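# Observations on chain architecture
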Amino acid sequence: DVAYLRSVLPSTTDDAFFDYLATLDASEVTVTAIPEGSVVFARVPFLQVKGPLLVVQLLETTLLCLVNYASLVATNAARFRLLAGPDVKLMEMGLRCAQGPDGALSASKYSYIGGFDCTSNILAGKLYGIPVRGTIAHSFVMSFRSLEEVQPRELLPQAGGDPVDLAALAVSWLQQVCDLLQTPAGSTNQGELAAFVSYAVTFPCDFQGLLDTYCVRRSGLPNFCAVALALHQLGYQAIGVRLDSGDLAQQSKEIRRAFRACGDHFQVPWFGTIPIAVSNDISEQSLEEFRREGSEIDMIGIGTNLVTCPLQPSLGCVYKLVEVNGSPCLKLTEDEEKMTIPGMKTIYRLYDAAGHPFMDLMALEEEPSPSAGQELGIRVLGRLGETTTVIPSTVEPLHRIYFRDGQLCEPLPSLPEVRSHAQVSLNLLSPAHRRLHEPQPYPV
């Protein structure tokens, strides 16, 4: 690294500078941070770095690279989670649209922290332990033309016994399903039926269907029901379907009615509760429409609008010098939001009697710590000309020392622990601060 720097820096650079670079280490660096997964508000320093100026300056780009995109994706994922509600499963499936493989891995990891349940990115599952999920593809369904292509086609019943020709059994069920759903039997696509049968023979305990390759009502739905009922006859239970086009909310309700009708008519109680998953360029607006119209959707796969963060392409975290050798530093600018707040700080979160945080308080490190029930004189950023008082019911110091004297000084949490902490942090916010449209400003 030093040799490379010699080749690109001016030839007049003092040799002693390169000798110094070769001796750099982190033994004099201290990093204090708000725990990963916490809700952090604008202007609050969530990470503070102390050490020799040159060393901490070299860390700037690395630290900002590590936290900016990660925080952005986690925040975006949290917004989707808040809109979807706690009961709908969310699957991250943005690998093909992400900003390269590294961006895709980061998106999978930090969308999981933000509240997603699983990912389609198998490498993220391997590296981070995130649950992996997926469904069959349109190309798989389209690759079949007829039932003659299904090999093998026999399946052993779950309880044992002689193998059964699943294709023939599905055909016998198809006529009954079409009669019940009032669908012309001749309108179903035989290649699609063959694809479903082939998948079911291979994964009888994990059978699922992609319903919209041709036509949901006239083909995908009856073909799926026929194969699922054939599997049921052999002791297996289908695990779900996916929709990838059209009016997803309306179709989910129609599919649920069909599942319930089949369950009642053929006396298969679990059939009416088969999970319905949807995908197709899902956005925040899509989730708002699902909620407004009502739906029977159990799982939502979100890709492009999650990992590329189109509503806010960058987060804008910054790294500013606030103190040198005990002397506070202040950046002055005509843009008030870009003015820095001088001095090393301690951050406190103030809670009301209901247990909701209502304000984050920045104080200089040497100032006494506030306590619960104490009347505090404060100035709110944006209204610095006026002093007001608040009385918190609970005071929580937010910063913790994670790195000191070149060593980690407390264990880092696991990914599931960070994810759990993120959801707890979000749920503690009052509804007025948590709502996505015109939230009440949170004072700092």
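All of these numbers come straight from a predicted model, not from anything done at the bench. (Residues numbered from 1 in each chain as written. Predicted model: local features only at pLDDT ≥ 70, side-chain atom pairs only at ≥ 80, totals over all residues. Heavy atoms only, no water.)

This brings us to the nonpolar core. Judged by nonpolar contacts, the single largest core of 86 residues is most densely connected at Val-197, Phe-207, Phe-224, Phe-259, Phe-271 and Ile-300. In contact with Phe-224, other than residues within four places in its own chain, are Phe-196, Phe-207, Gln-208, Gly-209, Leu-211, Ala-238, Gly-240, Val-241, Phe-259 and Ile-274. (Core = buried A, V, L, I, M, F, W, Y, C linked by side-chain atoms within 4.5 Å. Buried < 20%, exposed > 50% of the residue type's maximum accessible area, 1.4 Å probe, protein only. Contact = heavy atoms within 4.5 Å.)

On to unusual backbone geometry. Cis geometry is found at the peptide bond from Gln-151 to Pro-152, where omega equals -5°. One non-glycine residue, Asp-281, adopts positive backbone phi at about 55°. Within the element layout of this structure, Asp-281 appears in the loop between strand S9 (276-278) and helix H11 (284-293). Judged by its relative accessible area of 56%, Asp-281 falls in the exposed class. Phi is positive for Glu-438, close to 50°, though the residue is something other than glycine. Secondary-structure assignment places Glu-438 in the segment after helix H14 (431-434). You can call Glu-438 exposed: its relative accessible area is 71%. (Helix = DSSP H or I, 4+ residues; strand = E, 2+ residues; numbered from the N terminus.)

The geometry of an aromatic ring pair is captured by two quantities: the separation of the ring centres and the angle between the planes. Under the defined criterion, the tally for this structure stands at 13 aromatic pairs. Measuring from centroid to centroid gives 6.1 Å for Phe-140 and Tyr-199, while their planes differ by 75°, and the two rings are edge-to-face. Taken together, the residues span a long stretch of sequence, with Phe-140 in helix H6 (residues 138-142) and Tyr-199 in helix H8 (residues 190-202) at a distance of 59 residues. Using a relative accessible area of 27% as the deciding quantity, one classes Phe-140 as partly exposed. Overall, Tyr-199 belongs to the buried group, its relative accessible area being 13%. These aromatic residues form a ring-pair network of at least three members: Phe-140, Phe-144, Phe-196, Tyr-199, Phe-203, Phe-207, Phe-224, Phe-259, Trp-270 and Phe-271. In this structure, Lys-109 packs its charged tip against the face of Tyr-128, placed 4.9 Å from the ring centre. (Phe/Tyr/Trp six-rings, centres within 6.5 Å; stacked < 30°, edge-to-face > 60°. Lys NZ or Arg CZ within 6 Å of the ring centre and 35° of its normal.)

Ordered by their spatial adjacency, three strands build an open sheet running S14-S13-S17, and the pairing between neighbours is antiparallel. Both edges of this open sheet fall to strand S14 (357-364) and strand S17 (394-397), since each of them pairs with a single strand only. Mean inter-strand twist for the sheet, computed between neighbouring axes without regard to direction, equals 25°. For strand S13 (residues 345-351) and S14, the ladder comprises seven bridges, and the chain directions are antiparallel. In the strand pairing of S14, Tyr-348 is matched with Leu-361. (Pairing = 2+ DSSP bridges. Axes fitted to C-alpha atoms, helices over the stretch in contact; angles between N-to-C directions.)

We now examine the UniProt feature "domain: Nicotinate phosphoribosyltransferase N-terminal" (unreviewed entry) in the protein. If you check UniProt for "domain: Nicotinate phosphoribosyltransferase N-terminal" (unreviewed entry), the listed places come out as residues 1-68 in our numbering. Spanning residues 1-68, this segment combines 44% helix with 12% strand, and its end C-alpha atoms are found 25 Å apart. (UniProt positions renumbered as here; feature names shortened; annotations may be inferred.)

What follows is about H8. In this model H8 runs 18 Å from its N-terminal to its C-terminal C-alpha over 13 residues, within 8% of the 18 Å that 1.5 Å per residue would give. Among the 13 residues in H8, eleven count as buried, and that is most of the element. When H8 is considered as a whole, its buried residues turn out to be Gly-191, Glu-192, Leu-193, Ala-194, Ala-195, Phe-196, Val-197, Ser-198, Tyr-199, Ala-200 and Val-201. For H8, the elements touching its buried residues are H6, strand S5 (154-155), helix H7 (166-181), strand S7 (208-210) and helix H9 (216-233). N-cap assignment for H8: the residue whose side-chain oxygen lies 2.9 Å from the backbone N of Gly-191 is Asn-189. (Expected span 1.5 Å × (residues − 1). Polar contact = N/O pair within 3.5 Å; in protein donor to acceptor, adjacent residues only side chain to side chain.)

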